[in-house]
Amino acid sequence: MNLMRNLDRFFWGAATSAYQVEGGIKNDWSEAHSTSSGQARFDAGRTADHYNLFKADFNLAKSLGHNAHRFSIEWSRIEPEEGKFNQKEIEHYQEVISALREKGLEPFVTLWHFTNPVWFSKLGGFGSKKSAFYFERYADFVTRNLKGVKFWLTINEPMVYAANAYFRGIWPPQKKSFFAYFRVIRNLAAAHRKAYAIIHKNIPNARVGIAKNIIYFEAAGWNPGNKILKNLADWWWNRQFLNRIQNHQDFIGLNYYFHKHIDGLKFSPEKTHPVSNLGWGIFPNGLYFVLQELKKYQKPIYITENGLADSKDEKRAQFIKDHIFWMEKAIAEGADVRGYFHWSLIDNFEWDKGFDPCFGLIEVDYKTMERKVRQSAYAYRDIIKGE
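The structure contained in this document is the topic of the report that follows. (Residues numbered from 1 in each chain as written. Predicted model: local features only at pLDDT ≥ 70, side-chain atom pairs only at ≥ 80, totals over all residues. Heavy atoms only, no water.)

On to the pattern of salt bridges. Two side chains with opposite charge may pair up if their charged atoms get near one another. In this structure the tally under the stated criterion is 18 salt bridges. Here Glu106 makes a salt bridge to Arg101, at a shortest N to O gap of 3.0 Å. Here Asp234 ties to Lys230 by a salt bridge, and the two come within 2.8 Å at their closest N and O atoms. A residue pair is termed a helical-turn pair when its members lie 3 or 4 positions apart in one helix, as Asp234 and Lys230 do in helix α10 (residues 224-244) at 4 residues. Each member of the pair, Asp234 as well as Lys230, is classed as buried. Via salt bridges that share partners, Glu22, Arg77 and Glu89 belong to a single interconnected network. (Salt bridge = Lys/Arg side-chain N within 4 Å of Asp/Glu carboxyl O. Helix = DSSP H or I, 4+ residues; strand = E, 2+ residues; numbered from the N terminus. Buried < 20%, exposed > 50% of the residue type's maximum accessible area, 1.4 Å probe, protein only.)

This model, assessed by the stated rule, comprises 58 aromatic pairs. Note on Trp112 and Phe114: the rings are 6.1 Å apart at their centroids and 85 degrees apart in plane angle, and the pair reads as edge-to-face. The pair formed by Trp112 and Phe114 is uniform in burial state, with each residue classed as buried. (Phe/Tyr/Trp six-rings, centres within 6.5 Å; stacked < 30°, edge-to-face > 60°.)

Take the layout of surface pockets next. Of the pockets and cavities examined, the largest pocket occupies roughly 650 Å³. Taken together, 30 residues make up the lining of the largest pocket; nearest its centre are Val160, Asn164, Asn213, Trp237 and Phe258. Looking at the lining of the largest pocket, the elements with two or more residues in it are α8 (158-167), β5 (207-219), α10 and β6 (252-263). Counting residues per element, the lining of the largest pocket draws most heavily on α10, which supplies 4 residues. (1 Å grid on protein atoms, 1.4 Å probe; cavity = no way out; pocket = protein on both sides within 12 Å on 5 of 7 lines; lining within 4 Å. Points joined across faces, edges and corners; volume = space filled by probe spheres on them.)

Here we take up helix α12 (residues 316-332). Between the first and last C-alpha of α12 there are 24 Å, a value that for 17 residues agrees with the 24 Å anticipated at 1.5 Å per step. If you check which residues of α12 are buried, you get Arg316, Phe319, Ile320, His323, Ile324, Met327, Glu328, Ala330 and Ile331. Viewed end-on, α12 has its buried residues packed into an arc of 160 degrees, placing them on one side of the element. (Expected span 1.5 Å × (residues − 1). Arc of directions from axis to C-beta.)

So, about a positive patch on the surface. A contiguous patch of positive charge, built from Lys129, Lys175, Arg183, Arg186 and Arg244, is present on the exposed surface. With respect to the element layout, Lys129 can be found in the loop between α6 (118-122) and α7 (131-145). (Patch = residues over 30% accessible without salt bridge, like charges linked within 9 Å, V, L, I, M, F, W, Y side chains within 5 Å. Areas by Shrake-Rupley, 256 points an atom, 1.4 Å probe, with all protein chains shown as cover. Lys, Arg positive; Asp, Glu negative; His and termini not counted. Charge placed at Lys NZ, Arg CZ, Asp CG, Glu CD.)

Here the residue pair Pro172 and Pro173 is connected by a cis peptide bond, since its omega of 10 degrees sits within 30 degrees of zero. Structurally, the position occupied by Pro173 is in the loop between α8 and α9 (178-202). Residue Ser344 is reached from Trp343 by a cis peptide bond, and omega for that bond is 0 degrees. Within the secondary structure, Ser344 is located in the loop between β9 (337-343) and β10 (362-364). Phi at Asp49 is positive, roughly 55 degrees, even though this residue is not glycine. On the secondary structure map, Asp49 appears in the loop between α2 (18-21) and α3 (50-63). Residue classification places Asp49 among the buried positions, given a relative accessible area of 12%.

As a further point, take the nonpolar core. Counting 114 residues, the largest nonpolar core has Phe135, Trp152, Leu254, Leu291 and Met327 as its most contacted members. Among the elements that take part in this core, α9 stands out by supplying 11 residues, more than any other. If we skip the residues at most four places from it in the chain, Trp152 touches Val109, Leu111, Val142, Thr143, Leu146, Ile199, Ile203, Ala206, Arg207, Val208, Gly209 and Phe251. In this structure, Phe11, Ala68, Trp280 and Ala309 belong to the second largest nonpolar core, which totals 15 residues. (Core = buried A, V, L, I, M, F, W, Y, C linked by side-chain atoms within 4.5 Å. Contact = heavy atoms within 4.5 Å.)

Each packed pair of helices is defined by two parameters, the angle between the axes and the distance between the axes. Between α12 and helix α13 (residues 375-385), the least distance of the axes is 8 Å, while the angle of their chain directions is 25 degrees. The angle between α12 and α13 falls in the class roughly parallel. Crossing handedness for the pair α12 and α13: right-handed. Across the interface between the two elements, Arg316, Ala317, Ile320, Lys321 and Ile324 from α12 touch Ser376, Ala379, Tyr380 and Ile383 from α13. For the contact of α12 with α13, the residue count by class is 6 nonpolar, 1 polar and 2 charged. (Axes fitted to C-alpha atoms, helices over the stretch in contact; angles between N-to-C directions. Parallel < 35°, antiparallel > 145°, perpendicular 65-115°, else oblique. Left-handed = near helix turned anticlockwise from the far one by under 90°. Nonpolar A, V, L, I, M, F, W, Y, C, P; charged D, E, K, R; others polar.)

Within the secondary structure, Phe325 sits in helix α12. Take Phe325: its relative accessible area is 45%, and that puts it in the partly exposed class. Phe325 sits 37 residues away from Tyr288 along the chain, and the two C-alpha atoms are 9.0 Å apart.

Burial of strand β8 (residues 301-305) is extensive: 5 of the 5 residues sit out of reach of the surface. Direction of pairing for β6 relative to β8: parallel, over a ladder of 4 bridges. Residue pairing across strands places Ile252 opposite Ile301, the latter belonging to β8. The pairing of β8 with β9 spans 3 bridges and is classified as parallel. Within β9, the residue paired with Tyr302 across the bridge is Gly339. (Pairing = 2+ DSSP bridges.)

Now the structure itself:
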């Protein structure tokens, strides 16, 4: 790991999102219901109670060698009613930022991580023509009131959200519409562009980007049809959103989880690779190829998420080691990577999959809220130290 020691400043850390760890949030997810049973299944409830325990969690992150942390702000806390902002919640997030600064952890703040205020959802959410206006107003209030943040991520995984919420229909608002899917992608891009401008107006030296889920699509063999499909998939999933905001991003946040092997019309992970508890294929060298492909944008890159569900902590240490190896290889070949954030710092509510998937470097006992550092977290600490 000697390569990383030669960089002036490299950010090592982990990530969380508000709804997944904070607890006590009322938003479109907590209010949504399953269409089949009528029972609430999207309510994260108390989850890891990070809202109250953030200082202790940051102490653990510091002890594990982290020098940065990515987290999100819950829009529904800041603007619980349309146009009415909650100063108490802004003060809470200022405490979070100050706690990170006191421990020498650089804050990377995400403004939107999949969840919406109930009022915004009722007005159509990101399907509404006015969604970019509402998001810009929220971004304006937050960035005028929070101090000590240089790195801002406006939107987390826009393509994932649009697909799950408006195409597959498994996330709130549980719609299945080609037209709504395309419209939401367009509106999310417009929302980012507006937020980008207002953040730079409020904080001239800010660095602003998005967190983009990038899939490594690999064409099987030399079949020209497979290569055409790969190019189409790359354009649709990986490039088109980045192209929409190309002149409105100071860096690219890369979330890397998936590799898809294209053989005919089959897009699936190769069966020879190990999988996580969720059945997601583990393909570390895909990170190298994705980073190579992102070089064309000539922007700094922060790996804002990379992790796996591994409740027994059997594969995570090797997973981290292998992905960082391929990241370093990409850096050696010219990729401008400046940070790596593992997903996630602590166990969390994993959206439609509930609490069973354990992504945390730190295990959470949801009954007692006790934290227990997993062995893989120490392996990651040793990598950070260069050992």
